[in-house]
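# Coordinates in review
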Amino acid sequence: MTIDFNKNKDGLVPAIIQDAKTKNVLMLGYMNQEAYDLTVATKKVTFFSRTKNRLWTKGEESGNFLNLITIQSDCDSDTLLVTVDPVGPTCHKGTDTCWGQENTGGFEFLSELENIIENRKAQADGTVSTPEGAKSSYVSSLFKSGINKVAQKVGEEAVEVVIEAMDNNETLFKEESADLLFHYLILLQAKGYKLKDVVKVLEARH
């Protein structure tokens, strides 16, 4: 990765800090070469503070560190995108972000789950090999059983959700709902789609 620290006379490049899970932008800081090197070495995001005129590791006083996940440079090599796992609020005013917004997550895990399901489908199709010594997964086995079996499982789970919805056991209702969503994601990929394709339909209707 190339970073042009000499593009500006002060040797600083903007560093956009983004939560790796929620994808929310938490703050904007500046790094020089030394701050970048220290960030990579310690895995704690470090900036060059223009007000303090020194290196400054986020959280060095508050304990609200920004644990490094990845660093990327933009197309002009003069701006960094830093993804992090934040410990506590990011802003010195006590808010999650420097814009006063809550760092609440969306449904990013569903995208991760879809990627796992896609990999299992590829294993079932034989386009990706199953790791040596590993047993065939439940999802791969379900794909191998064919579209009718996948659709049947969705129907069974849907019935379970309806049954639990009429009962008062909230734990079972959530568990059956999770089973239904999981198998629905499998059915979508069995049909050649992903959740985003259904979302597009909803957006068009909206």
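Residues numbered from 1 in each chain as written. Predicted model: local features only at pLDDT ≥ 70, side-chain atom pairs only at ≥ 80, totals over all residues. Heavy atoms only, no water.

## Quick look at the pairing of strand β6 (residues 80-86)
Selection rule: Relative accessible area decides the class of each residue, using a 1.4 Å probe on protein chains only: under 20% of the type maximum gives buried, over 50% gives exposed, and in between gives partly exposed. Each helix is a run of DSSP H or I of at least 4 residues and each strand a run of E of at least 2, with the numbering of both proceeding from the N terminus. Whether two strands pair depends on DSSP finding at least two bridges between them.
Where burial is concerned, most of β6 is hidden: 5 out of the 7 residues are buried. Here strand β1 (residues 13-19) runs beside β6; their pairing, made up of 5 bridges, is parallel. Paired with isoleucine 16 across the bridge in β6 is leucine 81. With 7 bridges joining them, strand β5 (residues 66-73) and β6 adopt antiparallel strand pairing. Bridged to threonine 70 within β6 is threonine 83. If you look at the hairpin formed by β5 and β6, you'll find 6 residues sitting between the two strands, and serine 77 has a positive phi there, around 60°.

## Observations concerning the UniProt feature "domain: Phosphoribosyl-AMP cyclohydrolase" (unreviewed entry) in the protein
Note the threshold: UniProt positions are given in the numbering used here, feature names are shortened, and annotations may be inferred rather than shown by experiment.
Following the UniProt record, one finds the feature "domain: Phosphoribosyl-AMP cyclohydrolase" (unreviewed entry) at residues 27-99. Along residues 27-99, the helical share is 14% and the strand share 38%, with 8 Å between the first and last C-alpha atoms.

## Remarks on the layout of surface pockets
To be explicit about the condition: A cavity here means a set of 1 Å grid points, computed over protein atoms only, where a 1.4 Å probe fits but cannot escape. A pocket is an open set with protein on both sides within 12 Å along at least 5 of 7 lines, and lining residues have an atom within 4 Å of a point. Grid points are joined across faces, edges and corners, and a volume is the space filled by probe spheres set on the points.
Roughly 560 Å³ of internal volume is contained in the largest pocket. Every residue lining the largest pocket is counted, 21 residues in all, and those nearest its centre are Met27, Lys52, Trp56, Lys58 and His92. Of all the secondary structure elements, the ones that give two or more residues to the lining of the largest pocket are β2 (25-31) and β3 (46-49). Counting residues per element, the lining of the largest pocket draws most heavily on β2, at 4 residues.

## Looking at unusual backbone geometry
One non-glycine residue, lysine 23, lies in positive phi territory at about 70°. Along the chain, lysine 23 falls in the loop between β1 and β2. Residue classification places lysine 23 among the partly exposed positions, given a relative accessible area of 46%.

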